[in-house]
Amino acid sequence: MRIEFILYRLFWTSLLLIVSNIFFTTLFPFVFNIGFRPSLNVVILLFLAYRLQGNSLPFIILFFQSVHGAFTAQGWAFATLAGIGVGLIISRIKDMVHFYLSWVQVAFTFVFSWIYFFILSFFMYLKTEELSFFYLNLGTELAESLFSAALAPFIFKVMKKIWKTDSATEAMVSNV
Amino acid sequence: MKFVTNPEIRPKIYSYLFVIFLSLYGVAKKDFVSDEGTFFEQLVMATTSPVQDLLGGARIKSVNFFSFYLSLIHTSEENLSLKHELSLMEEKLATFEELKLENQRLKSLLEFGEEENLKKVLAQVISWDASGKFRLLRINKGKKDGVVLKATVVSSKGLIGHIYRITDHYADILTILDPNNRVDSLVQRTRSHGIVEGGAKQLLSMKYVTRTEEVKVNDLIITSGLSNIYPKGIIIGHIERLERENYGITQYIEVRPNVDFQRLEEVIVLRLENNEEKQREFLDLDESQKAL
């Protein structure tokens, strides 16, 4: 029962990530500018890190970053490390944040998109021994984080529907 | 170390540590020249790419439909000018054919190496990378169509990149706009060597060209052929800006790619055909690089 309950939610979350990735990679760059390709990956990751508290969270992050990795040259490993970093920070501060207010979601997503980018840049620097990833993508990150932040309340609403629980199933989700 | 002894937190720490070490291993193994991809990534790519292909195809058809009717407005005028251009081109072509034959004769006299026999696979661009920070393109041709890893990809205007990741029916191209893609190149006029890599705002930067080289704005940049990926002589772009400081040993060169990536729809994948000796050389070179 527990595993089915969770797999069902993971399925819909991964479908949301895949559909958004297909939309943003196929239509967005050709309609707007090829340099502007936002992704909902970080927003989904933030929601999961905030919602789930159990031992499986790092594996769930790994799973979603592997799905996302199939759409980008970044691959799963860099994204998972950045995701784990963000997850650890959120687990420390989640009790201090009123996450269900729209403006908090916008600010939260904006700030954590940058934290995600800093962690990613740090590991890219370790790998390539060059800072070019960081300084060449500052402008892109600003545009993408603003876009993600603006979409965050809507995405969180969808995610809340997917991960909706009652009193009986709440413990199940909290312990994932 | 009190938290480690806490039996409630211990599994959580172990699961975090496991995923962190696994990811660090993944980072260490990561190669930005080509990527075999994990089984899971290949699976996701194989199942989602047909949808991207379908959407990409619909987008191109709708764009072509509108642009076709709009272009009809000035067709007769354009037709006349194109006819004039065609006659000029035919004249030029005849001259080039002569030069080609002469070149072949002279090359055989000098016992030059055999010309590379390149197979061409035409493919359609279906999507871009999901992260704006990487410049990857997905095309609708894969292993089953004769595309191989690290094959050069061009368009009629010039170099696009090389095959980075591949499945049976789809492939990803690491474009020259990506800073992780480094192309050994030449300034055509002066034969000055340098490395071209992706820069900001869809421009490229050419590095390691010494200050004493007299390169100019608008000089053409081509591939040098000094790598195991790109054949020699493919156009990369033109010098847009250069800075020669009073100090240092190199100059800063900004290159505008010849290919308009914003409007890129079709690409050509080039692969060496039946040149086993060359393939073996490349494999040996790859192995020696890995060993280093």
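Residues numbered from 1 in each chain as written. Chains lettered and ligands numbered in written order. Predicted model: local features only at pLDDT ≥ 70, side-chain atom pairs only at ≥ 80, totals over all residues.

Caption draft 1: The overall build of chain A, seen in detail. Within chain A one finds nine helices and zero strands. From first element to last, N terminus to C terminus, chain A shows the α and β order α-α-α-α-α-α-α-α-α. Over its C-alpha atoms chain A spans a radius of gyration of 16 Å, differing by no more than 12% from the 16 Å that the globule rule assigns to 176 residues. Along the first, second and third principal axes, the C-alpha atoms of chain A reach 50 × 35 × 30 Å. Evaluated residue by residue, chain A yields a buried proportion of 46% over its 176 residues. Within chain A, counting contacts between residues at least 6 apart in sequence, those at least 24 apart form 72% of the total. (Helix = DSSP H or I, 4+ residues; strand = E, 2+ residues; numbered from the N terminus. Rg over C-alpha atoms; globule rule 2.2 N^0.38 Å. Buried ≥ 20, exposed ≤ 12 C-beta atoms within 10 Å, placed from the backbone. Contact = placed C-beta atoms within 7 Å.)

Caption draft 2: Up close: the overall build of chain B. Summing up its helical and strand segments, chain B has five helices and 12 strands in all. A buried classification covers 30% of the 292 residues belonging to chain B.

Caption draft 3: How the structure looks around the pairing of strand S10 (residues 235–243) of chain B. Residue and element names in this part refer to chain B. Pairing of strand S9 (residues 220–223) with S10 involves three bridges; the strand directions are antiparallel. Each bridged residue has a counterpart across the sheet, and for Ile-222 the counterpart in S10 is Ile-235. One ladder, built from six bridges, connects S10 with strand S11 (residues 250–257); its direction is antiparallel. Note on S11: the bridge partner recorded for Gly-237 is Pro-257. Count of turn residues in the S10/S11 antiparallel hairpin: six residues, of which Gly-248 carries a positive phi of about 85 degrees. (Pairing = 2+ DSSP bridges.)

Caption draft 4: Structural detail: the packing of helix H3 (residues 41–51) of chain A against helix H5 (residues 75–93) of chain A. Residues and elements named next belong to chain A. At their nearest, the axes of H3 and H5 sit 9 Å apart, and the two run at 40 degrees to each other. Taken as axis vectors, H3 and H5 run oblique relative to one another. In the packing of H3 onto H5, the handedness of the crossing is right-handed. Where H3 abuts H5, its residues Leu-45, Leu-46, Ala-49 and Tyr-50 lie against Gly-83, Val-86, Gly-87, Ile-90 and Ser-91. Here the residues of the contact of H3 with H5 sort into six nonpolar, three polar and no charged. (Axes fitted to C-alpha atoms, helices over the stretch in contact; angles between N-to-C directions. Parallel < 35°, antiparallel > 145°, perpendicular 65-115°, else oblique. Left-handed = near helix turned anticlockwise from the far one by under 90°. Nonpolar A, V, L, I, M, F, W, Y, C, P; charged D, E, K, R; others polar.)

Caption draft 5: Local environment of the nonpolar core. Core analysis: the biggest nonpolar cluster contains 92 residues, and Ile-44, Leu-45 and Leu-46 of chain A together with Ile-139, Ile-163 and Ile-173 of chain B have the highest contact counts within it. Both domains that meet at this core, namely domain 1 (40–178 + 263–272) and domain 2 (182–259) of chain B, each give it at least three residues. With residues up to four places along the chain from it excluded, the contact list for Ile-163 of chain B reads Val-147, Val-148, Leu-149, Lys-150, Ala-151, Val-153, Ala-171, Ile-173 and Val-269 of chain B. (Core = buried A, V, L, I, M, F, W, Y, C linked by C-beta atoms within 7 Å. Domains from an automatic or database assignment.)

Caption draft 6: The arrangement of the pairing of strand S5 (residues 171–175) of chain B in detail. Residue and element names in this part refer to chain B. With respect to burial, S5 is a largely interior element, five of its five residues being buried. Residues Ala-171, Ile-173 and Thr-175 point to one face of S5 and Asp-172 and Leu-174 to the other, with burial holding for every one of them. Bridge count between strand S2 (residues 136–139) and S5: four bridges; the pairing is antiparallel. Pairing of Arg-138 across the sheet is with Asp-172, part of S5. The hairpin turn running from strand S4 (residues 158–166) into S5, its antiparallel successor, is four residues long.

Caption draft 7: The arrangement of the domain arrangement of chain B in detail. All names here are of chain B. Domain annotation of chain B identifies domain 1 (40–178 + 263–272) and domain 2 (182–259). Computed from C-alpha atoms alone, the centre-to-centre distance between domain 1 and domain 2 is 22 Å. Each side of the interface is counted separately: domain 1 has 15 residues, and domain 2 has 16 residues. Listing elements by their share of the side of domain 1 that touches domain 2, those giving two or more residues are strand S3 (152–155) and S4. Take the side of domain 1 that touches domain 2: its biggest share by element is four residues, from S4. The residue makeup of the side of domain 1 that touches domain 2, split by class, is six nonpolar, four polar and five charged.

Caption draft 8: Up close: the sheet that holds strand S8 (residues 204–210) of chain B. Residues and elements named next belong to chain B. Spatially, the six strands close up into a barrel ordered S6-S7-S8-S11-S10-S9, and their pairing is antiparallel. Adjacent strand axes in the sheet meet at a mean angle of 40 degrees, parallel and antiparallel pairs treated alike. Across five bridges, S8 lies against S11 in antiparallel orientation. Residue Val-209 lies in a different strand from S11, and its bridge partner there is Gln-251.

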